[in-house]
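Results of the structural survey
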Amino acid sequence: MDLFKVYKLWDIEPVRGLGTTLWDSNGVEYTDLYGGHAVISVGHCHPHYVAMIREQLGKLGFYSNAVQNSLQRELASRLGKASGYDDYSLFLCNSGAEANENALKLASFHTGRSRIMCFSKAFHGRTSGAVAVTDNAALRSPFNSAHKVTCVPFNDIGSAEEELKSGEYAGVIVEGIQGVSGIHEPSADFLKGLRDACDRYGSLLILDEIQSGYGRTGMFFAHRHCGIRADIVTVAKGMANGLPIGGVLISPAVEARYGMLGTTFGGNHLVCTAALAVLDIIENEHLVENAAKVGEFFRKELCPGGKPLYPIREYRGRGLMIGLELEDGHEDMRDRLLFEKHFFTGAAGARVIRLLPSLTISEQTAASFVEAFRSLAEEGGAAKADR
Ligand SMILES: Cc1ncc(COP(=O)(O)O)c(C=O)c1O
């Protein structure tokens, strides 16, 4: 049997990692500023993470959600404290899409309504409801297209409010910072306006913090920069540094009933242990603060005095969720960073480089990227002048 070919692959196979460094099967060393798509939050193979997982695996890796699991309760309590959502409840599942799918269902169960509002260029995952609220028709099969969804222009509070007035909406789903679209922030006024309108018209506000959460932006959740609270928050990616997990933080206003949600694998002993190890490391090593600090360093170096370094057209994002939109003609920059300078980065379309490094990244590593970027930009400029 061959693999179902849905991914465009680089011809590189990482076989070992430590911190922000990866080595491929030929022994070539790379610096990882992509984190396997914002998943590596505490670095590859952190010794505390490895030790806790090893120990738990020797005791019990999995049992179903039919029995007591104190690791889940500890995770809920620790995550509540770390995020400032102590009074919420936690439902554990296996991925970001699944977390959003459950969030949408909860909004619908709670309000008895079926319509959801999402925003232009949003990405919320690939399951049925999650892909229906993702603004990319190419990802939706006819089967996923029957959901009642209205997509409103991002950051346009007037249009959102006008729609919400109908009283038809179970919920509104919005990313803390849009990731897949190329790092676009909701304005503080937009998020505050959504909060008010949801309260006024009886809809639940769902914050998708799957990419922007877990400390990446210099606060535990990106939406906390503008001071609002959501009714439901979804998390995944960095939560267990690569073991599959997703979580839904649910307001006390939403009542649980047995059987309402469920999963076989979600919240098993191994992933909860990994998630607890991640919280230990985030706290012990002050990684939320580090994300803010190294994020500022990147901004200062790549966009000094608010003027982006050539060939960056626009520097976007917060903390360690960074989008570098390049001038036309520099579409090869990401490949050159990888193949000539050995830096893994992410992308959004052909012209946006996304930096989503581990929260453990040092200023020294950030500086080595800036140096590599500068040198490629200079070589590129010189090559263009020769033509
Ligand atoms: C904002 C956001 N939501 C949801 C998802 C889907 O997460 P998963 O791939 O774990 O299903 C992603 C993945 O990139 C994402 O960036």
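Residues numbered from 1 in each chain as written. Predicted model: local features only at pLDDT ≥ 70, side-chain atom pairs only at ≥ 80, totals over all residues.

Brief notes about the sheet that holds strand β14 (residues 346–348)
Pairing is antiparallel across the open sheet formed by four strands, whose spatial order is β11-β12-β15-β14. Each edge of the open sheet is held by one strand with a lone partner, namely β11 (312–318) and β14. Within this sheet the neighbouring strands show an average axis-to-axis angle of 25°, counted without direction. When strand β12 (residues 321–326) meets strand β15 (residues 352–355), the two strands line up antiparallel, connected through four bridges. Each bridged residue has a counterpart across the sheet, and for I322 the counterpart in β15 is L355. Against the sheet, helix α9 (residues 287–302) touches β11, β12 and β15, its axis set at about 165° to β11. (Pairing = 2+ DSSP bridges. Helix = DSSP H or I, 4+ residues; strand = E, 2+ residues; numbered from the N terminus. Axes fitted to C-alpha atoms, helices over the stretch in contact; angles between N-to-C directions. Contact = placed C-beta atoms within 7 Å.)

Let's talk about unusual backbone geometry
The omega torsion across Y310 and P311 is 0°, close enough to zero to call that bond cis. Here P311 shows up in the loop between α9 and β11. Phi is positive for A38, close to 65°, though the residue is something other than glycine. Backbone geometry at I183 places phi at a positive 70°, although glycine is not the residue there. With respect to the helices and strands, the residue I183 is situated in the loop between β7 (169–175) and α7 (188–201). Looking at I183, the number of C-beta atoms within 10 Å reads 27, which means it is buried. (Buried ≥ 20, exposed ≤ 12 C-beta atoms within 10 Å, placed from the backbone.)

Structural notes on the sheet that holds strand β1 (residues 14–18)
The four strands lie next to each other as β1-β2-β3-β13, forming an open sheet whose pairing is mixed. Because the sheet does not close on itself, it has two edges, and the strands there are β1 and β13 (343–344). In this sheet, β13 lies alongside strand β3 (residues 29–32) in parallel orientation, the contact comprising two bridges. Bridge pairing links T31 to F343 in β13.

Concerning the site of the ligand
The environment of the ligand is made up of 15 residues, and the closest members are S95, G96, A97, G125 and Q211. Sort the elements by how many residues they give to the shell around the ligand and helix α4 (residues 96–111) lands first, with three residues. For the shell around the ligand, the residue count by class is five nonpolar, eight polar and two charged. (Near = placed C-beta within 6 Å. Nonpolar A, V, L, I, M, F, W, Y, C, P; charged D, E, K, R; others polar.)

Examining α7
The end-to-end C-alpha separation of α7 is 20 Å, in line with the 20 Å expected for 14 residues at 1.5 Å each. Listing the buried residues of α7 in full gives L191, L194, R195, A197 and C198. In the core, the buried residues of α7 are packed alongside α6 (157–164), β7 and β8 (204–208). Of the residues flanking the end of α7, it is G202, one or two places downstream, whose phi is positive at about 75°. (Expected span 1.5 Å × (residues − 1).)

Looking at the domain arrangement of the protein chain
Assigned domains within the protein chain: domain 1 (14–45 + 286–386) and domain 2 (48–284). Distance between the C-alpha centres of domain 1 and domain 2: 27 Å. At the interface, 26 residues of domain 1 touch 26 residues of domain 2. Those elements giving two or more residues to the side of domain 1 that touches domain 2 turn out to be α1 (35–38), α9, β11, β12 and β15. Considering each element in turn, the side of domain 1 that touches domain 2 owes the most residues, five residues, to α9. Taken together, the residues that form the side of domain 1 that touches domain 2 break down as 15 nonpolar, seven polar and four charged. (Domains from an automatic or database assignment.)

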